[in-house]
Amino acid sequence: MTAVLFLVVVALARIAIVFSFCFGLVVVFTWAERKGAAYIQDRRGPNRADILGFRAWGMFHPLADALKFLFKEDFIPDNAQRLFYQLAPMFAVAPVLMSIAVVPFGPDVTIFGRRVALQIADLNVGILYIFAVTGMTVYGVVLAGWGSGSKYPLLGGLRSSAQMLSYEVSMGLSLVGIFMVFESLRLSRIVAGQGELLFGFLPKWGVVVQPLGFILFITAQYAEANRTPFDLPEGESELVAGYHSEYASFKFSMFMMGEYLHMVIGAVVVATLFFGGWQVPFLADTGFVLPGGASVPLPEILVIALRTGSIFLKSLFFTWLYVWVRWTIPRFRYDQVMRLGWKVLLPLSLVNIFATGLVLLLLGK
Amino acid sequence: MEAVFFILFGAVAVGASIMVVTRRHPLSSALYLLMALFSVAALFVLRQAHFLAAIQLILYAGAVIVLFIFVIMLINVPEERLPSERMTAMRVLGVAAAGILILESALLARRFAMPQPPVAEVGTVEAVGIALFTDYLLAFEITSVLLLAAVIGAISLAKKKI
């Protein structure tokens, strides 16, 4: 009985921690986006909201935003198809939240004499599960575009669904190389494989063994998240705000939340697949073991803290990269986006698979 | 526990499938089809076929239905111009035949006990991959040739000048 109770408590605790991690990162992200945009454009950025005179570098602005979203009128346009209009924001958030379940946030730890994986579910299909559930977000876009009963959202929805479908193909194919190298789809196995050393000194991170795969994957992911330079679905100059033009109040905030969650989870996935996940270079279970033979023993609790801290830092860096790219690169034209997806990324990802297979064959694996 | 989930998802799959053919608006039908595919994927998971479930969601739910919806949105028939449904003799007969079919399969199914859950290893990516490239290689290759033919056909239809 205690065993079952223990499992239930651990499962709930893991879900709660991962959820709060994601939402916390979203809040930090919206703040970082505005501040980052401001500094890149040589401005100060938001710094006016204050609580009792504390401004905290504009950190209270996300809070003010959330309150405003909650108190605005929840408006439904006359022409809207009510059911589809209401369903769309749910499709935008729920699948993205589900996808984080297979990401490992650390090695197995021992709590009260039982081994606990720092991962909600270690599925055999691993990354395919992420593709399966994040594929559902396209319904949020399509239903919003259709259900709003207005022209601009419809155009935005059409553009966006075509774009998401096209880039999903090269996104999936760009990861095949990773699966071939680490011989598994299980994220825990892929992360464990990245703890090895190449030639005795180079960490065998995904980006080291699959540099092309990394570039293809991250490009496809930016398109998938409808993020600049691929944010055609909401090109303000042409489409007002694209598929969510007709949304207000909390429904609009759900679209925003879904978009930022998508990017946060994308960053976590990139860190996991290509940057070693929770692995820290040269850090073994007992402490640092340097290539020269020198070693620095560390207590177990410190090793675990370093490892979970490392995936957190890596995820933060890749969320920052989204901001960096957005305020650096201008938006493409729609036909350019499509050409890039089908005529550049897709052939390159096929070449990548072929080359990876050839190298593995020559190495005799 | 497994039986509870089986009944739940089975009922949702059947109910959603009925809704697919009875809804007036094509977009509603497409969404109910999505629901049915989801429940069938859940049934696959109950039989330990995780790989099949993931592929079902990625391909059918994530791509095929999106294309259906795409077409429905592009054609964009307004609600009042959709053809009105009428009760015809063929339809009544069809419902009766479907009822008999369901009854028969229920009677047939009663003869067999619910099969034991298969061992976890048969539905994994590795197991499916090995089976595809050894025992079912010919079927696999023929399917890929079929898909290639479909791709070529689509291109030659869409392009006026090749």
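Residues numbered from 1 in each chain as written. Chains lettered and ligands numbered in written order. Predicted model: local features only at pLDDT ≥ 70, side-chain atom pairs only at ≥ 80, totals over all residues.

A. Summary view of unusual backbone geometry. The backbone phi angle of D42(A) is positive, close to 65 degrees, even though this residue is not glycine. Inspection of the secondary structure assignment puts D42(A) in the loop between α1 (2–40) and α2 (61–71). Residue classification places D42(A) among the exposed residues on the basis of 6 C-beta atoms within 10 Å. Of note, the phi angle at Q48(B) is positive, near 70 degrees, even though the residue is not glycine. Among the structural elements, Q48(B) can be located in the loop between α2 (26–46) and α3 (50–75). On the neighbour-count criterion, Q48(B) (18 C-beta atoms within 10 Å) is partly exposed. (Helix = DSSP H or I, 4+ residues; strand = E, 2+ residues; numbered from the N terminus. Buried ≥ 20, exposed ≤ 12 C-beta atoms within 10 Å, placed from the backbone.)

B. Expanded view of the domain arrangement of chain B. According to the domain assignment, chain B consists of domain 1 (1–78) and domain 2 (124–162). The straight-line distance from the C-alpha centre of domain 1 of chain B to that of domain 2 of chain B is 23 Å. (Domains from an automatic or database assignment.)

C. Expanded view of the packing of helix α4 (residues 127–134) of chain A against α3(B). The interhelical angle for the contact between α4(A) and α3(B), taken along N-to-C directions, is 25 degrees, at an axis separation of 8 Å. The orientation of α4(A) with respect to α3(B), classified from their angle, is roughly parallel. Crossing angle aside, the handedness with which α4(A) passes α3(B) is left-handed. Side by side, α4(A) and α3(B) meet where L128(A), Y129(A), F131(A) and A132(A) of the first sit next to A54(B), L57(B), I58(B) and G62(B) of the second. Residues of the contact of α4(A) with α3(B), tallied by class, amount to seven nonpolar, one polar and no charged. (Axes fitted to C-alpha atoms, helices over the stretch in contact; angles between N-to-C directions. Parallel < 35°, antiparallel > 145°, perpendicular 65-115°, else oblique. Left-handed = near helix turned anticlockwise from the far one by under 90°. Contact = placed C-beta atoms within 7 Å. Nonpolar A, V, L, I, M, F, W, Y, C, P; charged D, E, K, R; others polar.)

D. Region of the structure containing the sheet that holds strand β5 (residues 283–284) of chain A. Residues and elements named next belong to chain A. Read from one edge of the open sheet, three strands run β5-β6-β7, paired in antiparallel fashion. A single partner strand is all that each edge strand has here, and the edge strands are β5 and β7 (295–297). For strand β6 (residues 287–289) and β7, the ladder comprises three bridges, and the chain directions are antiparallel. Bridging across to β7, G287 finds its partner in P297. (Pairing = 2+ DSSP bridges.)

E. Region of the structure containing the environment of S99(A). All names here are of chain A. With respect to the element layout, S99 can be found in helix α3 (residues 82–99). The class for S99 is buried, based on 24 C-beta atoms found within 10 Å. In this structure, the C-alpha to C-alpha distance between S99 and I76, residues 23 residues apart in sequence, is 30 Å. Not counting the four nearest positions on each side in its chain, S99 is found in contact with I130, V133, T134 and I265.

F. Geometry of helix α14 (residues 334–362) of chain A. All names here are of chain A. Taking 1.5 Å as the rise per residue, α14 with 29 residues should run 42 Å; its terminal C-alpha atoms sit 41 Å apart, in good agreement. Restricting attention to buried positions, one finds in α14 the residues V337, L340, G341, L345, S349, N352 and T356. Looking at the residues trailing α14, positive phi occurs at G364, about 75 degrees. (Expected span 1.5 Å × (residues − 1).)

G. The nonpolar core, seen in detail. L128(A), Y129(A), V264(A), V270(A) and A54(B) are the most contacted members of the largest nonpolar core, which totals 104 residues. With 15 residues, the top contributor of residues to this core is helix α12 (residues 249–274) of chain A. Look past the residues within four positions of V270(A) in its chain and what remains in contact with it is I218(A), F275(A) and F318(A). (Core = buried A, V, L, I, M, F, W, Y, C linked by C-beta atoms within 7 Å.)

H. How the structure looks around the packing of α1(A) against α12(A). Residue and element names in this part refer to chain A. Relative to each other, α1 and α12 sit at 105 degrees, their axes nearing to 9 Å. Overall, the two elements α1 and α12 adopt an arrangement that is roughly perpendicular. Residue-level inspection shows C22, L25, V26, F29 and T30 of α1 in contact with α12, the latter providing M257, Y260, L261, V264 and I265. Classifying every residue of the contact of α1 with α12 by side-chain character gives nine nonpolar, one polar and no charged.

I. Focus on the interface of chain B and chain A. Counting residues at the interface gives 15 residues for chain B, matched by 18 residues for chain A. Here the side of chain B that touches chain A takes 12 residues from α3(B), the largest share from any one element. Split by residue class, the side of chain B that touches chain A holds 12 nonpolar, three polar and no charged.

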